[in-house]
Amino acid sequence: METIVFSTLNGVLYGLLLFMLASGLTLIFSMMGVLNFAHASFYMLGAYLAVTLGSVVGFWAALVLAPICVGLFGAAVERLGLRHVHKNGHVAELLFTFGLAYLIEEIVKLVWGKNPLPYTPPPILQQPLFTLWGTHYPSFRIFMMVVAIAMFVALWLLLKRTRVGLIVQASLTHPHMVGHLGHNVPLVFMGVFAVGCGMAGLAGVIGGALLVTDPAMALTLGPIVFVVVVVGGMGSLGGAFLASVLIGLIQTFAVAVDASLSDLLARFGVLVSNRSDLGRITLAQVAPMLPFLILVLVLIFRPRGLMGAREG
């Protein structure tokens, strides 16, 4: 029972962290049609800025200022680079953001070094919120869950229940008509890209304190975030939320359950000897590849994703 409860909590926690990062990527793609390969790099940049700003103004101020700085940087990237590349098609956009990811990584190494930085939340968030079976569950983890859920609700309401969301969505499908109505479509796109990057920066502020702040953090979560976006459905915010929690739970339970691959296959009637190479593989060892296995299955049986709203 203890394993189930804590694995569920940790799985939801990890899934919500994935959603915080995937939501910005989903927003940018659904509103602009741009698949930003540098999105995880903005997440990393948010964590490093939070460390630097936090040492000066404190954690709470850095929680606000770091995402704003990342969002402003994202706006500059869109205005000075991506806007000129956008007219050349998706391949040019992918190459631009792919190169930008490497550029940000090298800048981070030059400025902050290659070693992990000490980054811990304030003492009030390190205190245990509750204790189960003698194990303390820190307040910071529940705080992160609250921030992630609040981000989902706020973003959904913004896009579905406000005039701003209507203009943003119309700018993607009918940009000329929106422009004739007096709205600055390029400014709308720049704002959307800035907000998406700022959300990645906010995820970095939280994720950097939860996991680790080092130059490899973008590479660690970047591929999984794209899996989340594709599995949930390209451009679907609800799908990204569902896929994030699903992948988080599956990976966490795979690590927590003390069983081999042969034990799992035996439940489906496939007998494998424990002495064979396949039988000695544990579920914890295959946990990192499970999101990509889910991706393959979704692409085969449901190419549009769990809640996909767009095709192609």
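Residues numbered from 1 in each chain as written. Predicted model: local features only at pLDDT ≥ 70, side-chain atom pairs only at ≥ 80, totals over all residues. Heavy atoms only, no water.

Put simply, the rule is: UniProt positions are given in the numbering used here, feature names are shortened, and annotations may be inferred rather than shown by experiment.
Per an unreviewed UniProt entry, the protein goes by the name Branched-chain amino acid ABC transporter permease and belongs to Phreatobacter aquaticus. Checking UniProt for the protein, the heading Sequence similarities (unreviewed entry) contains the comment "Belongs to the binding-protein-dependent transport system permease family. LivHM subfamily." Looking at the Subcellular location (unreviewed entry) heading of the UniProt record, one finds this comment for the protein: "Cell membrane".

## A few points about the UniProt feature "transmembrane region" (unreviewed entry) in the protein
Stated precisely, the cut-off is as follows: Only DSSP runs of H or I with at least four residues qualify as helices, and only runs of E with at least two residues qualify as strands; both kinds are numbered from the N terminus onward.
On the UniProt side, "transmembrane region" (unreviewed entry) is annotated at positions that read residues 12–35, 47–73, 94–112, 140–159, 187–210, 216–234, 241–261 and 281–301 here. Note that residues 12–35 is 88% helix and 0% strand, and that its end C-alpha atoms are spaced 26 Å apart.

## Focus: the packing of aromatic side chains
For the record, the criterion: We call Phe, Tyr and Trp rings a pair once their centres come within 6.5 Å, taking the six-membered ring for Trp, and we label the pair stacked below 30 degrees between planes, edge-to-face above 60, and tilted otherwise. Only protein chains enter the area calculation, which uses a 1.4 Å probe; residues under 20% of their type maximum are buried, those over 50% are exposed, and those in between are partly exposed.
Scanning the model with the defined rule gives twelve aromatic pairs in all. An angle of 85 degrees between the planes, with centres 6.3 Å apart, marks the rings of F42 and F193 as edge-to-face. Separated by 151 residues along the polypeptide, F42 in helix α2 (residues 39–57) and F193 in helix α9 (residues 185–210) bring together distant segments of the chain. Ring centres 5.3 Å apart and planes at 65 degrees place the aromatic pair F98 and Y102 in the edge-to-face group. On the criterion of helical spacing, the pair formed by F98 and Y102 is a turn pair, its members being four residues apart in helix α4 (residues 90–112). Under the relative-accessibility criterion, F98 is labelled partly exposed at 43%. Feature note: the residues F37, F98, Y102 and F226 constitute an aromatic cluster, connected by ring pairs.

## Here we look at a nonpolar patch on the surface
As a reminder, the rule being used: In this analysis, a patch consists of residues with relative accessible area above 30% that form no salt bridge, clustered at 9 Å for like charges and at 5 Å for the nonpolar side chains Val, Leu, Ile, Met, Phe, Trp and Tyr. Only the protein chains shown count as cover for residues, with accessible areas throughout obtained via the Shrake-Rupley method and a probe of 1.4 Å. By convention in these notes, a salt bridge is any Lys or Arg side-chain nitrogen within 4 Å of a carboxyl oxygen on Asp or Glu.
Together, V56, V57, V64, L65, I68 and L72 make up an exposed nonpolar region whose accessible area comes to about 560 Å². Sorting the residues of the nonpolar patch by element identifies α2 and α3 (59–86) as the ones contributing at least two each. Of note, I68 is situated in helix α3. Judged by relative accessible area, I68 falls into the partly exposed class, the value being 45%.

## Some remarks on helix α14 (residues 290–301)
Our working definition: In this analysis, the expected span of each helix is defined as 1.5 Å times one less than the number of residues it contains. In this description, the arc belongs to the directions extending from the helix axis to the C-beta atoms. Between two residues, a contact is recorded if the distance between any of their heavy atoms is within 4.5 Å.
Between its first and last C-alpha atoms α14 spans 16 Å; for twelve residues at 1.5 Å apiece the expected length is 16 Å, and the two agree. Along α14, the residues that are buried comprise L290, P291, I294, L295 and V298. Buried residues of α14 fall within an arc of 145 degrees about the axis and therefore sit on the same side. Structurally, α14 contributes buried residues whose contacts are with α10 (217–232), α11 (237–256) and α13 (283–286).

## Section: the pattern of salt bridges
Should the charged atoms of two oppositely charged side chains come close, the side chains can pair. Considering all chains together, one arrives at three salt bridges under this definition. Across the pair E78 and R83 runs a salt bridge, and its minimum N-O distance is 3.2 Å. You can call E78 buried: its relative accessible area is 4%. Here R83 falls in the partly exposed class, since its relative accessible area comes to 25%. Ionic pairing is found between E106 and K109, a salt bridge with its closest N-O pair at 4.0 Å. Taken together, the residues E106 and K109, both in helix α4 and three residues apart, mark about one turn of the helix.

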